[in-house]
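Tertiary structure, described
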Amino acid sequence: MRIVLLGISLLFSSNLYADLLGDGVREGFKGNYIKANELYKEACDEGNRGGCYALGLNYTAGKGVKQDHIKANELYLKACDLGNMYGCSDLADSYRTERGVNQDNAKANEFYSKACDLRHDLACLLLGNIYNKGQGVKQDDTKAIEFYTKACVHGRLIVCAMLGDLYLSGKGVTQNDTKANEFYLKACEGEHSYACVQLGSNYDEGKGVKQDNFKASELYAQACDGGDMSGCYNLAINLARGQ
């Protein structure tokens, strides 16, 4: 997972310093962490956010350096300030779990918010949960929905499906079948089978859409192909009815 993140960081770096970062990653693959860290530091010193983040990870893990959470957090902060969403998120984790800093939920939320603004879907989801449950903040359904929506927009499909459920039931939001279907559709288009079933049910019943049993069957078939047995069951019922 961390290697994938470094690869993403590499894509957003200038060519010159991306080469340093890429060379560092290759050295890390070979287990040459000391050399990797030298390359990461050089890239970071020149303003490469991926280099700062990669070096921070190795200080957290103690790879090629003595483990030092304080130093890691300094690097995460620099990466975050340079626009690396993972640096923001990891620094937020540090504030939440008291890793090299005093626990500070307000600070954690500040950096999760920065990560979310940089399209880190998990950070958006975490903030949604924090406001939904009132963890270190005043419970706020509106803020929770705001961050859940951002998580969905940034690609967290399970949250899209969850938002569909919330709008369908009216839990924490004004009940709205049309909005529910919009979120189910986004999740279904990303091959989230449960959302396809829910959207199919709404087409069957005409909730928020014009009733269309054949469209429902198409959605059930898609869900069934994705391994959702309720989709297979609903499809069988519709086929038996000639729908």
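The sections below set out a description of the structure shown in this document. (Residues numbered from 1 in each chain as written. Predicted model: local features only at pLDDT ≥ 70, side-chain atom pairs only at ≥ 80, totals over all residues. Heavy atoms only, no water.)

1. Some words on the packing of aromatic side chains
Inspection of every chain in the model, using the stated rule, returns 5 aromatic pairs. For the ring pair Tyr-53 and Tyr-86, a centre distance of 6.0 Å and an interplane angle of 35 degrees mean the geometry is tilted. Linking Tyr-53 in helix H4 (residues 49-61) with Tyr-86 in helix H6 (residues 85-97), this pair joins segments that are 33 residues apart in sequence. For the pair Tyr-53 and Tyr-86, one class covers both residues: buried. With a centroid separation of 6.0 Å and an interplanar angle of 5 degrees, the aromatic rings of Tyr-95 and Phe-111 are classed as stacked. Taken together, the residues Tyr-95 in helix H6 and Phe-111 in helix H7 (residues 105-117) connect sequence positions 16 residues apart. Among the aromatic residues, those joined into a ring-pair cluster are Tyr-53, Tyr-76 and Tyr-86. (Phe/Tyr/Trp six-rings, centres within 6.5 Å; stacked < 30°, edge-to-face > 60°. Helix = DSSP H or I, 4+ residues; strand = E, 2+ residues; numbered from the N terminus. Buried < 20%, exposed > 50% of the residue type's maximum accessible area, 1.4 Å probe, protein only.)

2. So, the packing of helix H12 (residues 193-205) against helix H13 (residues 213-225)
Packing of H12 against H13 leaves a shortest axis separation of 8 Å and a crossing angle of 165 degrees. In terms of orientation, H12 lies roughly antiparallel with respect to H13. Judged by the twist between their axes, the crossing of H12 over H13 is left-handed. Two secondary-structure elements touch here, H12 through Ser-193, Cys-196, Val-197, Leu-199, Gly-200, Ser-201, Tyr-203 and Asp-204 and H13 through Asn-213, Lys-215, Ala-216, Leu-219, Tyr-220, Gln-222 and Ala-223. For the contact of H12 with H13, the residue count by class is 8 nonpolar, 5 polar and 2 charged. (Axes fitted to C-alpha atoms, helices over the stretch in contact; angles between N-to-C directions. Parallel < 35°, antiparallel > 145°, perpendicular 65-115°, else oblique. Left-handed = near helix turned anticlockwise from the far one by under 90°. Contact = heavy atoms within 4.5 Å. Nonpolar A, V, L, I, M, F, W, Y, C, P; charged D, E, K, R; others polar.)

3. Here we look at the packing of helix H11 (residues 177-189) against H12
The contact between H11 and H12 brings their axes to 8 Å, and the two run at 140 degrees. It follows from the interaxial angle that H11 and H12 lie oblique. In this structure, H11 meets H12 at a crossing whose hand is left-handed. Two secondary-structure elements touch here, H11 through Asn-181, Tyr-184, Leu-185, Ala-187 and Cys-188 and H12 through Ala-195, Cys-196, Gln-198, Leu-199 and Asn-202. Broken down by class, the residue content of the contact of H11 with H12 amounts to 7 nonpolar, 3 polar and no charged.

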